[in-house]
Amino acid sequence: DQQVKQNSPSLSVQEGRISILNCDYTNSMFDYFLWYKKYPAEGPTFLISISSIKDKNEDGRFTVFLNKSAKHLSLHIVPSQPGDSAVYFCAASEGPNNLFFGTGTRLTVIP
Amino acid sequence: SAVISQKPSRDICQRGTSLTIQCQVDSQVTMMFWYRQQPGQSLTLIATANQGSEATYESGFVIDKFPISRPNLTFSTLTVSNMSPEDSSIYLCSGQGPPEAFFGQGTRLTVV
């Protein structure tokens, strides 16, 4: 059973606009959430994270929002750039345990 | 952040043979994991590599098929044994802080 879900396999956004990637989870014990970015032929790279005691974390153009009651998190990228085109994975963990990953969303930023 | 070196980056293997993938972390991490990413699917955890003892395997993965070693805190190997075309996948090594996980560049395995 997939505990972390990304229901949109792909997203296309115009350069300069906002990209919003969504992620839902089912395990209410998850307390740490992360976003990873993956280019073809490379391993995922850590992007941004948020703990369950927060509802927002911002790092430059990237902001992650957490809605615990809805078991939903989202990644906002603004403004989107062509170099942001990649597959984005959300992940969640309970304490220091292994991460559970979503299936990924392929973001294409159109110049 | 940790830097993780994984090799080989890709290989094409004959069915029935075995391939060993190596993973080196540049700093000590508390946990090391091996993942598989099959086409169109998410990252699936194969096992947790335990230092000096047998790895902990997830459901659907067994030691005979995927033997793992971790002789010290910064090095681990995964062997894909008796390969079949269904084993064609990307295999990823991961080191976890906690809390973030850092990944190697992956090994793209094609079994023919």
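Residues numbered from 1 in each chain as written. Chains lettered and ligands numbered in written order. Predicted model: local features only at pLDDT ≥ 70, side-chain atom pairs only at ≥ 80, totals over all residues. Heavy atoms only, no water.

Participant: Help me understand the overall build of chain A in this model?
Facilitator: Check the secondary structure of chain A and you find zero helices and 11 strands. What you see for chain A is a C-alpha radius of gyration of 13 Å, in line with the 13 Å of a compact globule of 111 residues. Dimensions of chain A, computed from the C-alpha atoms along their principal axes, are close to 40 × 30 × 20 Å. In chain A, which comprises 111 residues, the proportion classed as buried is 45%. (Helix = DSSP H or I, 4+ residues; strand = E, 2+ residues; numbered from the N terminus. Rg over C-alpha atoms; globule rule 2.2 N^0.38 Å. Buried < 20%, exposed > 50% of the residue type's maximum accessible area, 1.4 Å probe, protein only.)

Participant: What is the right way to look at the pattern of salt bridges in this model?
Facilitator: It is possible for side chains of opposite charge to pair when their charged atoms get near one another. Tallying each qualifying case throughout the model produces two salt bridges over all chains. Residues A:Asp84 and A:Arg61 are paired through a salt bridge, measuring 2.8 Å at the closest nitrogen-oxygen approach. Of this pair, A:Asp84 sits in the loop between β8 (72-77) and β9 (86-93) while A:Arg61 is found in the loop between β6 (56-59) and β7 (62-67), placing the two residues 23 residues apart along the sequence. Exposure remark for A:Asp84: the relative accessible area of 2% places this residue in the buried category. A salt bridge links B:Asp87 to B:Lys65, with the shortest nitrogen-to-oxygen separation between them at 2.6 Å. One end of the pair, B:Asp87, is in the loop between β8 (75-80) and β9 (89-96); the other, B:Lys65, is in the loop between β6 (56-57) and β7 (68-72), with 22 residues separating them in the sequence. (Salt bridge = Lys/Arg side-chain N within 4 Å of Asp/Glu carboxyl O.)

Participant: Even after reading the chapter, I still don't get the interface of chain A and chain B, so can you show me in this structure?
Facilitator: Interface size, as often reported, equals the accessible area lost upon joining of the parts. Taken together, the contacts link 19 residues of chain A with 20 residues of chain B. Across the chain A/chain B interface, buried area totals approximately 1,400 Å², and carbon plus sulfur atoms make up 62% of it. Our count for the contact surface shared by chain A and chain B stands at zero salt bridges. Taken together, the connections running from chain A to chain B amount to one residue pair in polar contact (both at pLDDT 80 or more). (Contact = heavy atoms within 4.5 Å. Buried area = accessible area lost by both parts, 1.4 Å probe. Polar contact = N/O pair within 3.5 Å; in protein donor to acceptor, adjacent residues only side chain to side chain.)

Participant: What is the right way to read the sheet that holds β6(A) from this model?
Facilitator: All names here are of chain A. Strand order across the open sheet formed by five strands is β1-β3-β8-β7-β6, with antiparallel pairing between neighbours. Looking at the sheet topology across the chains shown, the edges are occupied by β1 (4-5) and β6. Sheet topology places β7 next to β8; six bridges connect them, and they run antiparallel. By the bridge assignment, Asn 67 is partnered in β8 with His 72. (Pairing = 2+ DSSP bridges.)

Participant: Just checking my understanding: could you explain the sheet that holds β7(B) for this structure?
Facilitator: Sheet strands pair via backbone hydrogen bonds, and the direction of the pair is either parallel or antiparallel. Residues and elements named next belong to chain B. Strand order across the open sheet formed by four strands is β1-β3-β8-β7, with antiparallel pairing between neighbours. The outermost strands of the open sheet, each flanked by one partner alone, are β1 (4-7) and β7. Averaged over all pairs of adjacent strands, the angle between strand axes in this sheet comes to 15 degrees, irrespective of strand direction. Here strand β3 (residues 19-25) runs beside β8; their pairing, made up of six bridges, is antiparallel. Residue Cys 23 lies in a different strand from β8, and its bridge partner there is Ser 76. (Axes fitted to C-alpha atoms, helices over the stretch in contact; angles between N-to-C directions.)

Participant: So what exactly am I meant to see when it comes to the side chain of A:Ser80 here?
Facilitator: All names here are of chain A. Here Ser 80 shows up in the loop between β8 and β9. Polar side-chain contacts of Ser 80 include one of 3.4 Å to the backbone oxygen of Ile 77. If we skip the residues at most four places from it in the chain, Ser 80 touches Val 13, Gln 14, Glu 15, Gly 16, Arg 17, Ile 18, Ser 19, Arg 61 and Val 109.

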